[in-house]
Amino acid sequence: HWNPRCQPPWGADETDHLRAKVENAYAYNTSPPGNLTPAYHTARTSKLFQAVRADIPEGDETRVAGFRIADRDALDHVRPPDWLIFDFIPDESYVMLFGAYSTFKTFLALDVALTLACEYETTTTLWTVSEGAQGPVLFMAGEGRSSIAKRVMAWEQQHNNGEKVSDFVLVDPVPLINITEEYLAALVDDLLRRHPEGYRLAVLDTLGRSMAGENENEQKGASQFTLLVQRLKAELGGSVLVLHHSGHAESDRARGSSVFGADPDTLVRIDREGKSHVVKLSMTKQKDAPEWPKPKYAGVREVALAGDGGNTLVVTKAKAVDLPKVENVTSVDLVL
C-alpha cells in the first residue's frame, strides 16, 4: 500500500534499511502514528491509528511510543550500560564535553570518534573501545571544514599507518534546533544511505552553533537542543557527543541553562592552565556507572602532514620524558 507511493519506491535490496526505519519510528516516536499524512488530518478520531496489542507475558519489557515499560520481573533483567568507549561513553547516550576556549575540545572529540571508527584496535590513544563497538561515526562541525580534514589526515598518519578511516563521515554545518522536519529527514536519509546500519557515534561541534541564535540561558531553547539530540540518537541509532563551552563566571559548569547540565547522561570538563600542552579531563557526571575516581590527562603534539600538507596537532600518548611537570600527577595518559 505504502511503498508504491514513495518517490522513488524502496528497492528489494533496501529491506533492512526500511525495517530499521520502521522499528526506530515505532520505538522512539514522539507523536501519533501517521500525524504527518493527509489521511491523519482528515480522520475524525485518533482511534483509527491505535495499535492492536496481544497479551504481554509477565517478565517482558515492551516499547510503546518512545516509552519502555517493564514489570517487576522484567526489572531483574535490566542490564548495566553497554559501553562504546569503556568507562566514558555508554551506548545510546547523550555525552557532553565542555571547557573554556582553546582547551582542545575538537582535537579530543576527533580522537574519540576516529578511535571508534578505526577498523583496527589502536593502543596509541587514551580510549578503550569495547568489543564489537567499533563502527561508523559522524562528525558535525559548525566551522573549520578544511582544518577538520587536515586533523583527520594527521590522526590517520599518526595512529593508522596513514590508512584512511573509511567509516568517518563529516557534516557541516551543524543541524540547528529549529531545523524543519523536511530538512532533518533529508539529512538522515542521506546519512543512512551511506551507512544503512546507522552510526555508533555522532559528534556535534558545538552546542552554541546549533542554537541558531537562541538564548542559551533560557530553558525553552535548551530543551529544544535536548530534543534535537534525542532525535539524532533515535534516527542514527547510537550515542551523541556534544562539545560546549564552560560558563564565563563558573568554569566548573556548562555555559547557559541548567538543562545543559541536567539532561546529558555523561559530563566531562576540560581544564588547561595557560599555554600548557597538557589538559585535565574531569568527569562530573556518569548517570548509570561510577564516575572517574581521578582526572585523566590529555594533550596533543604537532605533526607534519605527508606530501607537504603543512602542520597540525593530533592527540597522542607521550613518553614520560615529554611530559611537563604537573603537580600531584604520577602518570599522564595523553599529551599534546
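Summarised in this report is the structure supplied together with it.

Calculation rules
- Residues numbered from 1 in each chain as written.
- Predicted model: local features only at pLDDT ≥ 70, side-chain atom pairs only at ≥ 80, totals over all residues.
- Heavy atoms only, no water.
- Core = buried A, V, L, I, M, F, W, Y, C linked by side-chain atoms within 4.5 Å.
- Buried < 20%, exposed > 50% of the residue type's maximum accessible area, 1.4 Å probe, protein only.
- Helix = DSSP H or I, 4+ residues; strand = E, 2+ residues; numbered from the N terminus.
- Salt bridge = Lys/Arg side-chain N within 4 Å of Asp/Glu carboxyl O.
- Pairing = 2+ DSSP bridges.
- Axes fitted to C-alpha atoms, helices over the stretch in contact; angles between N-to-C directions.
- Contact = heavy atoms within 4.5 Å.
- Phe/Tyr/Trp six-rings, centres within 6.5 Å; stacked < 30°, edge-to-face > 60°.
- Expected span 1.5 Å × (residues − 1).
- Arc of directions from axis to C-beta.

Re the nonpolar core
Consideration 1: Judged by nonpolar contacts, the single largest core of 45 residues is most densely connected at Phe 88, Phe 168, Leu 241 and Leu 281.
Consideration 2: For this core, the element with the most residues is helix H4 (residues 105-117), which contributes 9 residues.
Consideration 3: Tyr 94, Met 211, Leu 228 and Ala 254 belong to the second-largest nonpolar core, a separate cluster that totals 30 residues.

A word on the side chain of His 195
Consideration 1: Within the fold, His 195 resides in the loop between helix H6 (181-194) and strand E8 (201-205).
Consideration 2: A relative accessible area of 10% means that His 195 is categorised as buried.

Brief notes about the pattern of salt bridges
Consideration 1: Evaluated as defined, the whole model comprises 11 salt bridges.
Consideration 2: For Glu 143, the salt bridge is made with Arg 209, and the minimal N-O distance between the two is 2.6 Å. Highlighted residues: Glu 143 in the loop between strand E6 (137-141) and helix H5 (145-159) and Arg 209 in helix H7 (residues 207-210), separated in sequence by 66 residues.
Consideration 3: Taking relative accessible area as the criterion, Glu 143 reaches 56% and is therefore assigned exposed.
Consideration 4: Here Arg 209 falls in the partly exposed class, since its relative accessible area comes to 43%.
Consideration 5: Its salt-bridge partner being Asp 190, residue Arg 194 comes within 2.9 Å of it at the nearest N-O pair. Taken as a pair, Arg 194 and Asp 190 lie in helix H6 at a separation of 4 residues, close to a single helical turn.

A word on the sheet that holds strand E9 (residues 239-245)
Consideration 1: As summarised here, the arrangement of the 9 strands in space is E7-E6-E8-E9-E5-E10-E11-E12-E13, forming an open sheet in which the pairing is mixed. On the outer flanks of this sheet lie strand E7 (168-171) and strand E13 (311-315), each paired with one strand and no other. Averaged over all pairs of adjacent strands, the angle between strand axes in this sheet comes to 25 degrees, irrespective of strand direction.
Consideration 2: Sitting on the sheet, helix H8 (residues 219-236) touches strand E5 (94-99), E6, E8 and E9, and the angle it makes with E9 is about 150 degrees.

Things to note about the pairing of strand E12 (residues 296-304)
Consideration 1: Strand direction decides the pairing type here: strand E11 (residues 278-286) and E12, joined by 4 bridges, are antiparallel. Across the sheet, the residue bridging to Lys 280 is Tyr 297, located in E12.

Digging into the packing of aromatic side chains
Consideration 1: Per the stated rule, a full pass over the model turns up 6 aromatic pairs.
Consideration 2: Considering the side-chain rings of Phe 88 and Trp 292, the 5.7 Å spacing of their centres and the 55 degrees angle between planes classify their relative orientation as tilted. Here the residue Phe 88 occupies a position in the loop between strand E3 (83-85) and strand E4 (89-90), and Trp 292 occupies one in the loop between E11 and E12, the gap between them amounting to 204 residues.
Consideration 3: Taking relative accessible area as the criterion, Trp 292 reaches 8% and is therefore assigned buried.
Consideration 4: For the ring pair Phe 139 and Phe 168, a centre distance of 6.2 Å and an interplane angle of 35 degrees mean the geometry is tilted.

Description of unusual backbone geometry
Consideration 1: In this chain, Asp 172 is followed by Pro 173 through a cis amide linkage whose omega measures -5 degrees.
Consideration 2: Locating Pro 173 in the fold gives a position in the loop between E7 and H6.
Consideration 3: Cis geometry marks the peptide bond from Asp 205 to Thr 206; its omega dihedral reads 10 degrees.
Consideration 4: Looking at the element boundaries, Thr 206 is found in the loop between E8 and H7.
Consideration 5: If you check the backbone angles, Asp 87 has positive phi at about 60 degrees while not being a glycine.
Consideration 6: Mapping Asp 87 onto the fold places it in the loop between E3 and E4.
Consideration 7: Exposure remark for Asp 87: the relative accessible area of 23% places this residue in the partly exposed category.
Consideration 8: Notably, Glu 92 is not glycine yet its phi reads approximately 55 degrees, a positive angle.
Consideration 9: In this structure, Glu 92 sits in the loop between E4 and E5.
Consideration 10: Of the residues examined, Glu 92 reaches a relative accessible area of 41% and is grouped as partly exposed.

Comments concerning H6
Consideration 1: With 14 residues, H6 extends 20 Å from end C-alpha to end C-alpha; this agrees with the ideal 20 Å at 1.5 Å per step.
Consideration 2: Within the sequence span of H6, burial applies to Leu 184, Val 188, Leu 191 and Leu 192. Along H6, the residues classed as buried sweep out an arc of 95 degrees about the axis, all on the same side. Those residues of H6 that are exposed and angled more than 90 degrees off the buried face are Glu 182, Tyr 183 and Arg 193.

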